[in-house]
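Spelled out, the chains give:
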Amino acid sequence: MDDDVVQRVFEEGGRDYYQQQPSTSPSILQSLPLHVSFDHGYYLLVKSIQELRSKKDGLVTVGIGGPSGSGKSSLAEKVASVIGCIVVSMENYRTGVDDGNDMDLIDFDLLVNNLEDLINGRDTFIPLFDFQGRRRIGTKAIKSSSSGVVIVDGAYALHARLRSLLDIRVAVVGGVHFSLLSKVQYDIGESCPLDSLIDSIFPLFRKHIEPDLHHAQIRIDNSFVSSFREPIYKLKCKSEQIEGDHASHVFHGKEAQLDNFIEMYLRPPSASEEARINDWIKVRQSGIRYYLSLGDQRIVDKNFIIRPKAEFEVGRMTLGGLLALGYNVVVSYKRASTSVIEGNFSLSLETIDTLGETYLVLRGINRKMVGAEASRMGVNGPWITKSYLEMILERKGVPRLNTPPLSNAPNAALASNQERLITAPKPLRVSSNLVNRLEDLSQPWTRSPTKSKMEPVLATWHFVSLDPALAHGSVIDPTSRDAVQLAPMPDSYDLDRGLLLSVQAIQALVENKGLPVIVGIGGPSGSGKTSLARKMANIVGCEVVSLESYYKSEYVKDFKYDDFSSLDLGLLSKNISDIRNCRRTKVPIFDLETGARSGFKELEVSEECGVVIFEGVYALHPDIRKSLDLWIAVVGGVHSHLISRVQRDKSRVGCFISQNEIMTTVFPMFQQYIEPHLVHAHLKIRNDFDPVLSPESSLFVLKSNKQVAYQDILRILDPTKICSSVQNFIDIYLRLPGIPANGQLTESDSIRVRICEGRFALLIREPIREGNYIIQPKVDFDISISTVAGLLNLGYQAVAYIEASAYIYQDGKILIEVDHLQDVPSPYIQIKGVHKEVVAAAGSTLKLDGSYTTKSYLQLVLDRLPALEGSSSGIHSQQAARLQELVEYIQSQGSSSSSDSSPSREISPLDGVIEDMQSRIKRLERWQMINTVLWTFFMSAFALTENNLIAFCDSHIFIGCFGWSNAICKKRVKRVGGKGRGNGSKRKLE
């Protein structure tokens, strides 16, 4: 046990339960690492709350403190969505208008009284503060029995007056707080020490906030910066473009929100009058609150303006500090907004005083939804893609607040851009000397940037000529598109910045080489290729083609997914050639369930779809990338997580193993056949996303073994969107011998591998169990048989075996899965969704309340075994022989797969293990024709009357009925959660 960590846990007394009442079992709080990522900190905080709540009586109190923009409120909201606790914001305890984080204007007495009331089981009233009106407007009643957990969120949440009332203390640093420091350091150079910068921009931080953060038990470094992962899509036009009949109905009968903003742009002190607006800092004032974003970060694609979520609140002292450092307000204007918000969509009328115009703005997080709403309203443009700042600069409106005049040479920048340089927003940077100082151990952890190394400065994409005769020329003939290519970026980037640079590279290629643009995204399985491709497609509106579509059936049967020979290279080359020459082409469709090609879909290059992305393990193979315009390599994600997991398991049994040894054994094809191609990429992206611990990619699951009638399930699903599939699968659990488990086999100590429909998949599950819910990550990804064999070669042993059949029904919002486990008499129903409330409502409708279990299937199966057989050293004796056969088959096939790329193999007597599974699927598929007729009749009955539907289904009990197969609808659903790609890129339930 780390003495320093234990001392930190017990310091300052507080309400730490383990100091007042020592426990015989080790506490998670006694083994917390000194500094963790945001995702890991979220996971540890939830686990710590659960442990304290289970081992003590009364309320659990949590304080989350840190500077503005570090991510405190985001963490509190995410924890509350899982735990269901009360979040008390210190913002409501203001006693008046302050200068940001002025501690003297926080009503600590009232906050202490509120916490003491709740701790002692008394109801209390917390204040409410109106930031527009700049005054306290009332109170809100909080019942002591409403929640067992209270979170205090605020810059001073770890203040000495509150620490004695807190069970768990959490400090969050990083985020855009450090991004602003890095930006300012870059703008003004190295002449100003870091402490002086902090005192200028965040004058209260070092004196009043930073000292409290050292008392935290959980210290989180938040690496988040502005991100296009979940951007805002915006359509904008002049308000007169609304048709007369629609204008009166835009806000009719809806509650409108009125806002008045002052928006201003600050130019760096060293910038010239013609400096790019991407270098400016934007400040938005709303009442007494100030929000800051770094530059005009946006992407324009066709009619859409796409912006990241990149704004954070600061105080007036921060604005004053920037002005004192030499920043100048060059443009400011007032924006009056009248908005109607419906879920994730908003409609606004915005009046800009400097322009004297009113604009209609549609915003949403889904590009298609925003476009559909515009069409429904009858608004067809013309759309405006320029920002208000750009429109003001075009008109040369006179800046206010005594700012310097605007440049009179708007074409100067264009005239100097004759070297075909493509400008990208300047990434934040820290000079080399500053990085060394920040990484020095003498620096407090609260000062250092969240990443050990800040991103290098790289402001431009540019082209290089393939013709030596033109290599030194400054002008490139745009008609000779094949004579130039993008110059590779010399450094690697995180996923957020890589996404932005990927889109900018596509736009540069379109501008300089024209359509079509063909992109390849390569990398190991689970690294995040598909996630990146889909996010790029959401932004630029392009087509994504998976190289899995080009699988050959004989290789899929032999589980050789990572073999380059498994791809139909001839067809792939023809498709790329057709796209390159703007010819219509037919892209194959591969059915992963049957292991065979099921058809083709037509693809044609057009103005609306002029970009095509090919993503796959071998997308950057020399035979493929030679025909592509942009090469992107992605590493990390789930791929890296598995390597870390193996290292962790090995260390627990006292064995050290290098990452290189794990890579060579578990991913034998990667280093030899995949990794060499990635180094040639134009853009290299490292995916640092933690797929297991992140709250961004979780499913809420309710599980029960109560019987449910089939017609009841139909009632909670959208009849127009119901999709179904039937799956037979085998789960095997791999575990290193020697891992401490107190004589019990647990899911967390094992790696689960699923064999389903002829494929192997790694199911990474470290769920949070809260109340009736299992909150599990959506992280499953396909692996080759050689990866499973590699795990066995590293010493993992197959210790458990579960065989089951699953019936899956979904409508895009919720997924209902009914699992029939072998040797378990009663099937289990699972309701899954990304929204907790939707899942809860579905469970209540099915009358499952009171019957839920949070046990894993492994636990449920072991509970049915005798005590000796359920131990960590054995499984059911009747399944041991079958499991041994399967392990031998995996080892024999895995070794041959990694050493021989030939599609032919000798027939093994152990093939019966796999063939038996496939035969079961075929038996179910024999129902296909019958079910098609039944489904047609059923839907006709549904259309006639619901009463007829119920009468038809009364005799068809869903649970235990095997008569409904995957032919219920033409669309097939993959394995639950989809094919894993890392970074939360699984099939989402929207």
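Since this is a predicted model, take the numbers as computed values, not measurements.

Student: Which residues make up the pattern of salt bridges, and what values go with them?
Tutor: Tallied over the full model, the rule gives 40 salt bridges. Measuring nitrogen to oxygen at the nearest pair gives 2.1 Å for the salt bridge that ties K386 to E394. Exposure remark for E394: the relative accessible area of 54% places this residue in the exposed category. The residue D629 makes a salt bridge to K513 at a minimum N-O spacing of 3.7 Å. One end of the pair, D629, is in the loop between helix 20 (622-625) and strand 28 (630-636); the other, K513, is in helix 16 (residues 495-513), with 116 residues separating them in the sequence. Beyond isolated ion pairs, a larger network of salt bridges with shared partners links E263, K282, R335, E350 and R363.

Student: Before we move on, can you summarise the nonpolar core with the specific residues and values?
Tutor: Generally speaking, a soluble globular protein has its nonpolar side chains buried in company with each other. By size, the foremost hydrophobic cluster in this structure holds 66 residues, and its most contacted members are Y550, F614, I732 and I890. Discounting chain neighbours no more than four positions away, the residues touching Y550 are V545, S566, L567, D568, L571, L572, N575, V587, P588, R597 and F614. By size, the runner-up hydrophobic cluster in this structure holds 56 residues, among which are M90, A155, Y156 and L322.

Student: Lay out the pairing of strand 7 (residues 168-174) with the relevant residues and their values.
Tutor: The buried fraction of strand 7 is high, at 7 of 7 residues. Of the two faces of strand 7, the one holding I168, V170, V172 and G174 and the one holding R169, A171 and V173 are both buried throughout. Alignment of strand 2 (residues 60-65) against strand 7, held across 4 bridges, turns out to be parallel. The partner of G65 across the bridge, within strand 7, is A171. Both strand 7 and strand 8 (residues 218-222) contribute to a ladder of 5 bridges, which runs parallel. In the strand pairing of strand 8, V172 is matched with I220.

Student: Give me the sheet that holds strand 37 (residues 797-810): which residues, what numbers.
Tutor: Across the sheet, 10 strands lie side by side as 34-35-30-39-38-37-31-32-33-36; this open sheet has antiparallel pairing. Among the strands making up the open sheet, the edge pair consists of strand 34 (768-770) and strand 36 (780-783). The sheet shows a mean angle of 30° between the axes of neighbouring strands, taken without regard to direction. Where strand 37 lies against strand 38 (residues 815-821), 7 bridges are found, and the strand directions are antiparallel. Each bridged residue has a counterpart across the sheet, and for A804 the counterpart in strand 38 is L821. The strands that helix 26 (residues 836-845) touches are strand 30 (698-704), strand 35 (773-777) and strand 39 (828-833); relative to strand 39, the one it contacts most, it runs at about 150°.

Student: So what's going on with the packing of helix 7 (residues 175-188) against helix 8 (residues 194-201)? Which residues, and what values?
Tutor: Axis separation between helix 7 and helix 8 bottoms out at 11 Å; the angle between their running directions is 115°. Read as a crossing pair, helix 7 and helix 8 show a hand that is right-handed. Across the interface between the two elements, L180, L181, V184, Q185 and I188 from helix 7 touch L197, I198 and I201 from helix 8.

Student: Can you break down the sheet that holds strand 3 (residues 86-89) residue by residue, with the values?
Tutor: Strands sit in the order 1-8-7-2-6-3 across an open sheet of 6 strands; the sheet is parallel. A strand with exactly one partner marks an edge of an open sheet, and here the two such strands are strand 1 (36-37) and strand 3. Pairing of strand 3 with strand 6 (residues 149-153) involves 4 bridges; the strand directions are parallel. Paired with S89 across the bridge in strand 6 is D153. Against the sheet, helix 3 (residues 38-55) touches strand 1, strand 2, strand 6, strand 7 and strand 8, its axis set at about 155° to strand 8.

Student: Give a description of unusual backbone geometry that names residues and reports values.
Tutor: Following G381, the chain continues to P382 via a peptide bond in cis, the omega torsion being 5°. Looking along the chain, the bond that leaves L515 and enters P516 is cis, with omega of -5°. Here P516 lies in the loop between helix 16 and strand 23 (517-522). The backbone of D823 shows a phi angle near 70°, a positive value even though the residue is not glycine. Relative to the elements of secondary structure, D823 occurs in the loop between strand 38 and strand 39. Taking the relative accessible area as the measure of exposure, D823 reaches 47% and is therefore partly exposed.

Student: Tell me what's going on with helix 4 (residues 72-83), and back it up with residues and numbers.
Tutor: Over its 12 residues, helix 4 extends 16 Å from the first C-alpha to the last, a length consistent with the 16 Å expected when each residue adds 1.5 Å. K72, L75, A76, K78, V79, A80, V82 and I83 are the residues of helix 4 that are buried. With its phi angle positive at about 75°, G84 sits one or two positions after the end of helix 4.

Student: An account of the state of the cysteines is needed here, citing residue identities and associated values.
Tutor: Applying the stated criterion across every chain yields a total of 0 disulfides. Here C609 stays unpaired: no disulfide links it, and the sulfur of C542, its closest cysteine neighbor, is 7.0 Å away. A residue is classified by how much of its surface remains accessible, and C609, at 15% relative accessible area, is buried.

Student: Give me helix 12 (residues 367-377): which residues, what numbers.
Tutor: Within the sequence span of helix 12, burial applies to R367, V370, A374 and M377. Relative to the axis of helix 12, the buried residues are bounded by an arc of 100° and lie together on one face. Relative to its buried face, helix 12 has exposed residues pointing more than 90 degrees away, namely K368, S375 and R376. The backbone nitrogen of K368 has a side-chain oxygen 3.0 Å away, supplied by the residue at the start of helix 12, namely N366. Downstream of helix 12 by a residue or two, G378 has a phi angle that is positive, lying close to 80°.

Cut-offs applied
- Residues numbered from 1 in each chain as written.
- Predicted model: local features only at pLDDT ≥ 70, side-chain atom pairs only at ≥ 80, totals over all residues.
- Heavy atoms only, no water.
- Salt bridge = Lys/Arg side-chain N within 4 Å of Asp/Glu carboxyl O.
- Buried < 20%, exposed > 50% of the residue type's maximum accessible area, 1.4 Å probe, protein only.
- Helix = DSSP H or I, 4+ residues; strand = E, 2+ residues; numbered from the N terminus.
- Core = buried A, V, L, I, M, F, W, Y, C linked by side-chain atoms within 4.5 Å.
- Contact = heavy atoms within 4.5 Å.
- Pairing = 2+ DSSP bridges.
- Axes fitted to C-alpha atoms, helices over the stretch in contact; angles between N-to-C directions.
- Left-handed = near helix turned anticlockwise from the far one by under 90°.
- Expected span 1.5 Å × (residues − 1).
- Disulfide = S-S within 2.5 Å.
- Arc of directions from axis to C-beta.
- Polar contact = N/O pair within 3.5 Å; in protein donor to acceptor, adjacent residues only side chain to side chain.

No statement about biological role is implied by the geometric values presented.
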